[in-house]
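The residues making up each chain are set out below.
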Amino acid sequence: MKSLKIGASIAVAAMLAWAGTPSIAQTRIKLEAVATAINTPLAMVQPPGDNRMFIIEQNGRIKILEGGKVAPNPFLDIRSKIKPLLHDFDERGLLGIAFHPKFKDNGKFYVSYSAHLDYQADLGQMLWYSHSNVVEEYTVSSRDKNTADPSSARRIMSHSWPQFNHNGHWIGFGPDGMLYVSTGDGGYANDWGIGHNPAIGNGQDLTTNLGKILRIDVDKRTDGKPYGIPPDNPFVGKRDTNPEIWAYGLRNPWRCSFDMGSNAAELYCGDVQQNSYETIKLIGKGQNMGWRRVEGIMRCFDYLKPDDHPANCDKSGITPAIIEYNNCTAKPQGCRGISVTGGYVYRGANNALKGKYIFGDWSKSFAEMDGQIFIGTKGSDGKWSMEVAQITNMQGKLPYVLAFAQDAAGEVYVLTSITTGPNGSLDTIYKISQ
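Residues numbered from 1 in each chain as written. Predicted model: local features only at pLDDT ≥ 70, side-chain atom pairs only at ≥ 80, totals over all residues. Heavy atoms only, no water.

Novice: Lay out the overall build of the chain with the relevant residues and their values.
Specialist: Each helix and strand counted, the chain has two helices and 28 strands in total. Here the C-alpha atoms of the chain give a radius of gyration of 20 Å, agreeing with the 22 Å that 2.2 N^0.38 yields for 434 residues. Along the longest, intermediate and shortest principal axes, the C-alpha atoms of the chain span 55 × 50 × 45 Å. Looking at the chain residue by residue over its 434 residues, the buried ones come to 59%. Of the contacts made within the chain by residues no fewer than 6 positions apart, 60% connect residues no fewer than 24 positions apart. As displayed, the chain has an accessible area near 16800 Å², and 50% of this comes from carbon and sulfur atoms. (Helix = DSSP H or I, 4+ residues; strand = E, 2+ residues; numbered from the N terminus. Rg over C-alpha atoms; globule rule 2.2 N^0.38 Å. Buried < 20%, exposed > 50% of the residue type's maximum accessible area, 1.4 Å probe, protein only. Contact = heavy atoms within 4.5 Å. Areas by Shrake-Rupley, 256 points an atom, 1.4 Å probe, with all protein chains shown as cover.)

Novice: Which residues make up the pairing of strand S8 (residues 108-115), and what are the values?
Specialist: Here S8 lies mainly inside the structure; seven of its eight residues are buried. Two elements, strand S7 (residues 94-99) and S8, share five bridges in a ladder whose sense is antiparallel. Bridge assignment links Phe99 to a residue of S8, and that residue is Phe109. With eight bridges connecting them, S8 and strand S9 (residues 131-140) associate as antiparallel partners. (Pairing = 2+ DSSP bridges.)

Novice: A description of the pattern of salt bridges should follow, citing residues and the corresponding values.
Specialist: Evaluation of the coordinates by the stated rule reveals 16 salt bridges. With its nearest N and O atoms 2.8 Å apart, the salt bridge here joins Lys397 to Glu368. Pair noted here: Lys397 is in the loop between strand S25 (390-391) and strand S26 (400-406) and Glu368 is in the loop between strand S22 (357-361) and strand S23 (372-378), with a separation of 29 residues, a long-range link. (Salt bridge = Lys/Arg side-chain N within 4 Å of Asp/Glu carboxyl O.)

Novice: Just give me the short version of unusual backbone geometry, but keep the residues and values in it.
Specialist: Note that the residue after Trp291, namely Arg292, is joined by a cis bond; omega there is 5°. Relative to the helices and strands, Arg292 resides in the loop between strand S17 (277-283) and strand S18 (294-295). Positioned with a positive phi, His169 is a non-glycine residue whose angle comes to about 65°. Among the structural elements, His169 can be located in strand S11 (residues 168-173).

Novice: How would you sum up the pairing of strand S16 (residues 267-271)? Please name residues and give values.
Specialist: With five of its five residues buried, S16 lies for the most part within the structure. Across the two faces of S16 the burial is the same, with Leu267, Cys269 and Asp271 and Tyr268 and Gly270 all buried. Pairing of strand S15 (residues 253-258) with S16, which is carried by four bridges, proceeds in the antiparallel orientation. Its bridge partner being in S16, Phe258 is matched across the sheet by Leu267. When S16 meets S17, the two strands line up antiparallel, connected through five bridges.

This is how it looks when you write it as structure tokens:
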């Protein structure tokens, strides 16, 4: 989700892609409203073999979109389980949803959310930590396919969280049937402070699950855990590492997706950076994605002087981001936003968009909504470029861009809000078309 850059001033300006001068010609798109009167939609997912779309609202409800209408009754309501949210701005809440690959047969699905703190008798956590981010399993009611059974809840995973922000917690099943979980570095700024590894930061610390992509098997159990550890995870059997870790070196991976048309099961994540740059990362097995050794693609990072990037640092073993653009906080010249929102590789019916990565930014300013939609293109040389999508059927600035979604046909949607906090039922989901 959007990341509050604590202690930094917010500036507003234009844009710049890492690959070079922005393209003058812009891809033209339209936005068609498909769902309205939603409260802060953070994800929309279509289960395998199902024609319904399931929308999660930050405040804790899941709603069904079917036949162009949002059902009046929630599929699941877990508002009582969620840590009370701040009215004006919060990064906690109901953060993710994923449906079991055999959902049609077993009715199982998974949610990730910010629960009341489970500090496990740790006095330090009780005094200083914010909440626990959990992944929980549910089953559809045997009496009504449009209602979940709340009594079926089974907690799969729980992490104590130092701060209210940088939660990550996109969840999704890969083509391999494993559940992937994105986790932020624990919050605050610069991967530093309470709950962070002061020497190297949580992103580089393989003994913590924060700042990672995790990969687990929800159908098995390993060593008393409520989930299984896939034996081909990259750090299984290694000392001083957590076996759940699939990749590391992430700051706040806000919205990830697998390319549904890719034989390589490519996993794309928007990883919100500190003050200077925003990134899209293509993440693979065992990779170090750089944070907090570097910010952006390969900009050396000093957590004590976050806006001054040293000329030299240890970049060995780091997989660079594929797209970078200036953050308006510290790099207002040519900036494109303040908090990246990961999207999807388009695989729908529009040939002009096929194979392009559609993503965006929450806003170019914290003070007013100014959401951005970008089109990423991989060149024949393997390098990526990006452009700002030109929206032809709307005037003025876009609402805050919270997330993107993709249906079974490969079409892409953008989830927006007109407020900075989880307030009311005023928000809209649009389908992208041309």
